[in-house]
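Coordinate analysis (summary)
If you want the building blocks of each chain, they are given just below.
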Amino acid sequence: MSNIEITLPDGSKQPVPSGVSPIDIAKSISPRLADAAIVARVDGELYDLTRPIEKDATVQILTSRDPESLQVYRHSTAHLLAAAVLELFPETKLGIGPPIESGFYYDFDRATPFTPEDLEKIEKKMWEIQKRHLPYERVYTRKEDGLRKYADAWMKCQLIDERAGEVFTEYTLGPQFIDFCRGPHVPDTSKIKAFKLLSIAGAYWKGDEHNKQLQRIYGTAFFTRQDLEDYLHRLEEAKRRDHRRLGKELELFTVNETVGSGLPLWLPKGATIRRLLEEYILERERASGYQHVYTPDLAKVDLYKRSGHWEHYHDDMFPLMDLETEQMVLRPMNCPHHILIYESKQRSYRDLPVRLAELGTMYRYERSGALSGLSRVRAMTLNDAHIFCTPDQIKEEFSSVMKLVERAYRDLGITRYTYRLSLRDKANTEKFVDNDEMWELGQRVLREAMDSLGLPYTEAPGEAAFYGPKLDIQLADVMGHEETYSTIQVDFHLPSQFALTYVGADGKEHRPVMIHRAVVSTMERMVAYLIELYAGAFPVWLAPVQAAVLPITDRQAEYARTIQQSLESAGIRVTVDERSEKVNFKIREAQLQKIPYMLVVGDREQQNGQVSVRHRKHGDQGVKTLESFLAEIRTLNDTKAVSE
RNA sequence: GCUGGCGUAGCUUAAGGUGGCAAAGCCCCUCCUUGGUAUGGAGGUAGACGCGGGUUCGAAGCCUGCCGCCAGCCCCA
């Protein structure tokens, strides 16, 4: 047998017989490494530990410390799930079973849906199979043989037909189970130590709603029981922070069937937070050269036909209102209105950039199943603006928007976010306007802008707006799920659609470029995010109630009210709890309402014109004069302090 | 919209597999208590069990159609 040369991560090279497997190499390095090994990287490709290496290669043994390992591990667990399902329900047809961010899933086609009880049975069966310590074995099969073998598994056949080369790989799990799969996998089921099946849901074959709907089982898997438990705890924590739950408990907003789903009602406390957010961003925009405008929530459909919304965005709009003389629509976006403001007079290059901003309310006909609390609604108010500028100004405008975003995030205490460049899907001309030149230009401009700011981003094809590419800023929630909040879009399409112009230095008409941007997203979505970010315990500057005055007995009621008045006239949001209850009780209530400061006042405080300050997190802060407390809370307010 | 689960007082939940007067805690109201840093005591109001139709002597429970909520698919600020 011939020798090959492998290179290890430390750069050392060693000759080994051809056909050696990564696990052999691991063993030769150290038994501990062999034990910890999950998978290997051979010349950049992930290999099963048992897969022979036939030629000179760079080899790296991956353990649970490498992120790819968890993917492989979960993928193997998904196979274990499929094997268990087939043992229990042999008539089931297999779909696909990939690892995902938070675990894995497997799609099944089966006449009767799985029940929660089935889930338990399946999980038990998985453990049973796990204990057999079955190997995951890589098998090579010729395409035609494969098609024959999987003849009664329609989804597998389809996959093999579409994806398989002349020879493809399959993985067995014990004598019964075999699955068309690229791999790699862990060596055997004994490696799998901690997993849990979480939920059942419908999912369309290949994600297309025209296709058959399958039964998807979600689960998660970790290397250790501890990691699994931590994850489950985080799930609990996420539930605890759920803005829908806190929105009810803290009386922030409500939804009412009679109003309609996706149409939340803002209660006084929630409205206070929203108002503070609105005032905040309007102020920042004023300081950044924006002009605020007001435009109506509806328009004749002609406006949206001209902009292209009607053609490309129709499905997301509420149906037409057919009036006697005209047809109206509720606006799904604000841009056309702002465009008409730009167009309302002749513009000179000296006027540019024109930055028109509005807290614009818009309406989107989200499908009922997509609605959720405050974060997915049908009526929403966007912190919207449209910048009309010359091509030369794009870069600077872009970077000043980014600055605005970063400033806002800092003041709101938002730290977990990533940048995503959303591009069009060229094939989808129904969703995206068909104009290669403009798309190329827009995408190039955005890339250059990001690169010159030195900011890292990922690219997402098919996520663009219908009129152009966008730079989305994705915020991560407690569970790490990302969602678009801020967005900056460079648009060459709408200005040409509306034949916008400005008069240049040369006295001739030129076409401006439009930048669509939203900094703090919609009020609905941002408040939902903030509720979850702070678990309802808002920083002082955003707290709907900043201080609760708690008189110890009725004797201090009058004094308590004067404290309230002094603070309120200084702009602090204060309540007084005058109920005939003990302080303990009042403190508990204020605590549950997550009010930052409790001001306990008894006879002593009254005599000395003081308040006894209790902080929701740090407890008793001792006695202070009203003035010094006021100075303290004012500082927090003015500096928009987010930590406590 | 689709698949699955769910829908009981303002809120959180119980009973509900075998159809026969619907429970509790919190909230709220009244009274007692005036108490110093997480719930003082007593009493009270409150629900024809999401809505409509059906089966039945009788339905919260069974059947059926809607509506809404939750998870996911799809979509997305």
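Fair warning: this is a prediction, and the values are worked out from it, not measured in the lab.

Things to note about the overall build of chain A
When its secondary structure is counted, chain A shows 20 helices and 33 strands. The buried share among the 644 residues of chain A stands at 36%. At a minimum sequence separation of 6, the contacts of chain A that also span at least 24 residues come to 67%.

Examining the sheet that holds strand 17 (residues 298-300)
Here 3 strands make up an open sheet; going across it, the order is 17-19-18 and the pairing antiparallel. One side of each edge strand has no neighbouring strand; the edge strands of this open sheet are strand 17 and strand 18 (321-322). Pairing of strand 17 with strand 19 (residues 327-330), which is carried by 3 bridges, proceeds in the antiparallel orientation. Bridging from a neighbouring strand, Lys300 pairs with Met328 of strand 19.

Topic: the nonpolar core
Counting residues in hydrophobic clusters, the biggest one holds 93 residues, and the most contacted among them are Val549 and Leu599. Two domains share this core, each providing at least three of its residues, namely domain 2 (253-533) and domain 3 (540-639). Contacts of Val549, omitting those with residues within four sequence positions, involve Ala560, Ile563, Gln564, Val574, Val576, Leu599 and Val601. Grouped together as the second largest cluster of nonpolar side chains are 51 residues, Ala82, Tyr171, Phe180 and Ile192 included.

With respect to helix 17 (residues 557-569)
Here helix 17 contains 13 residues, and its C-alpha end-to-end distance of 18 Å stays within 8% of the 18 Å for a straight helix at 1.5 Å per residue. Considered for burial, the residues of helix 17 that qualify are Ala560, Ile563 and Leu567. Projected onto a plane normal to the axis of helix 17, the buried residues spread over an arc of 60 degrees and lie on a single side. When the buried face of helix 17 is taken as reference, the exposed residues oriented beyond 90 degrees from it are Glu558, Gln565 and Ser569. Tucked inside the fold, the buried residues of helix 17 contact strand 29 (547-551), strand 30 (574-576), strand 31 (597-601), strand 32 (610-615) and helix 20 (626-639). Just past helix 17, the residue Gly571 takes up positive phi, approximately 90 degrees.

Observations regarding the protein's contact with RNA strand B
Every one of the 59 residues lining RNA strand B counts as a neighbour, but Gly202, Ser368, Gly369, Gly602 and Ser612 are closest to it. Ranked by residues supplied to the surface near RNA strand B, first place goes to helix 18 (residues 583-592) with 7 residues. Class assignment of the residues belonging to the surface near RNA strand B gives a composition of 18 nonpolar, 20 polar and 21 charged.

Focus: the pairing of strand 20 (residues 354-363)
Of all 10 residues in strand 20, 8 are buried, a share of seventy percent or more. Pairing analysis gives 10 bridges linking strand 20 to strand 21 (residues 379-389), with the strands arranged antiparallel. Opposite Gly360, over in strand 21, you have Leu382 as the bridge partner.

Points about the packing of helix 13 (residues 394-412) against helix 14 (residues 436-453)
Where helix 13 meets helix 14, the closest approach of the two axes is 10 Å, and the angle between their N-to-C directions is 60 degrees. Here helix 14 runs oblique to helix 13, going by the angle between their axes. Seen along the crossing, helix 13 lies across helix 14 with a hand that is right-handed. Listed contacts from helix 14 to Ile394, Lys395, Phe398, Ser399 and Met402 of helix 13 are Val445, Ala449, Ser452 and Leu453. Looking at the contact of helix 13 with helix 14, its residues break down into 6 nonpolar, 2 polar and 1 charged.

Re the sheet that holds strand 4 (residues 45-47)
Taken together, 5 strands build an open sheet; the order of strands is 2-1-5-3-4 and the sheet is mixed. What marks the edges here is a single partner per strand, and that holds for strand 2 (13-17) and strand 4. Adjacent strand axes in the sheet meet at a mean angle of 40 degrees, parallel and antiparallel pairs treated alike. Two strands pair when backbone bridges link them, and strand 3 (residues 37-42) and strand 5 (residues 57-63) are joined in this way by 5 bridges, in the antiparallel orientation. What sits directly across from Ala37, in strand 5, is Thr63. Its contacts with the sheet place helix 1 (residues 22-29) against strand 1 (3-7), strand 2, strand 3, strand 4 and strand 5, and it is angled at close to 75 degrees to strand 5. Sitting on the sheet, helix 3 (residues 67-88) is in contact with strand 3, strand 4 and strand 5, with an inclination near 115 degrees to strand 3.

Quick word on unusual backbone geometry
A cis amide bond links Leu352 with the next residue in sequence, Pro353, at an omega value of 0 degrees. Counting through the fold element by element, Pro353 comes out in the loop between helix 12 (335-342) and strand 20. Within the chain, Glu251 stands out as a residue other than glycine whose phi angle is a positive 55 degrees. Along the chain, Glu251 falls in the loop between helix 8 (243-249) and strand 14 (253-254). Residue Ala535 is not a glycine yet carries a positive backbone phi of 50 degrees. Within the element layout of this structure, Ala535 appears in the loop between helix 16 (523-533) and strand 29. A tally of 15 C-beta atoms within 10 Å means that Ala535 is categorised as partly exposed.

Here we look at the packing of helix 3 against helix 4 (residues 116-131)
The geometry of helix 3 relative to helix 4 is characterised by a closest axis approach of 8 Å and an angle of 110 degrees between their N-to-C directions. The angle between helix 3 and helix 4 places the two elements in the roughly perpendicular class. Here helix 3 runs over helix 4; the crossing is right-handed. Residues Leu80, Leu81, Ala83, Ala84, Val85, Glu87 and Leu88 of helix 3 pack against Lys121, Ile122, Lys125, Met126, Ile129 and Gln130 of helix 4.

So, the pairing of strand 5
Note that strand 1 and strand 5 share 2 bridges and pair parallel. In the sheet register, Thr7 faces strand 5, and the bridge partner there is Thr58.

Topic: the environment of Glu128
Positionally, Glu128 belongs in helix 4. Judged by the 11 C-beta atoms lying within 10 Å of it, Glu128 is exposed. It is 42 Å that separates the C-alpha atoms of Glu128 and Lys13, two residues lying 115 residues apart in sequence.

Focus on the confidence of the model for chain A
The pLDDT averaged across chain A works out to 90; a share of 100% of its residues lies at or above 70. Both scores are available for the predicted complex, with the pTM at 0.89 and the ipTM at 0.91.

Considering helix 4
The first and last C-alpha atoms of helix 4 sit 23 Å apart over 16 residues, in line with the 22 Å expected at 1.5 Å per residue. For helix 4, every residue scored as buried is listed here: Ile122, Met126, Ile129 and Gln130. Taken end-on, helix 4 shows its buried residues confined to a sector of 100 degrees, consistent with a single buried face. Away from the buried face of helix 4 by more than 90 degrees, exposed residues Glu117, Glu120, Lys124, Glu128 and Lys131 are located. Those residues of helix 4 that are buried lie in contact with helix 3 and strand 12 (194-204). Phi for His133, located one or two positions after helix 4, is positive at around 50 degrees.

Basis of the calculations
- Note on numbering: residues in each chain are counted from 1, in written sequence order.
- Working convention: letters from A go to chains and numbers from 1 go to ligands, in the order in which they are written.
- In view of the model being predicted, local features appear only for residues whose pLDDT reaches at least 70, and side-chain atom pairs are presented and counted only at 80 or more, with totals across whole chains, interfaces and linings using the full set of residues.
- Here a helix means four or more residues in a row that DSSP labels H or I, a strand means two or more in a row labelled E, and each is numbered from the N terminus.
- For every residue, the other C-beta atoms within 10 Å of its own C-beta are counted; 20 or more classify it as buried, 12 or fewer as exposed, and values in between as partly exposed. C-beta atoms are placed from the backbone.
- A residue pair is marked as a contact if its C-beta atoms, positioned from the backbone, fall within 7 Å.
- When DSSP finds at least two bridges between two strands, those strands are taken to pair.
- Residues of type Ala, Val, Leu, Ile, Met, Phe, Trp, Tyr and Cys that are buried and joined through C-beta atoms within 7 Å form what is called a nonpolar core.
- Here the bounds of each domain stem from an automatic or database domain assignment.
- To estimate the expected span of a helix, subtract one from its residue number and multiply by 1.5 Å.
- To be clear, the arc concerns the directions from the helix axis to the C-beta atoms.
- By convention here, the C-beta atom is placed from the backbone, and a residue is near a molecule or strand when that atom is within 6 Å of it.
- Under the convention adopted here, Pro, Cys and the residues Ala, Val, Leu, Ile, Met, Phe, Trp and Tyr are nonpolar, Asp, Glu, Lys and Arg are charged, and Gly plus all remaining residues are polar.
- Convention adopted: a line fitted to C-alpha atoms gives each axis, helices being fitted over their contacting stretch, and angles between N-to-C directions are expressed from 0 to 180 degrees.
- Under this scheme an angle from 65 to 115 degrees is roughly perpendicular, one under 35 degrees roughly parallel, and one over 145 degrees roughly antiparallel; angles in between are oblique.
- Put simply, a crossing is left-handed when the front helix is turned counterclockwise from the back one by less than a right angle, and right-handed when it is turned clockwise.
- Per residue, pLDDT captures the predictor's confidence, and it can take any value from 0 to 100.

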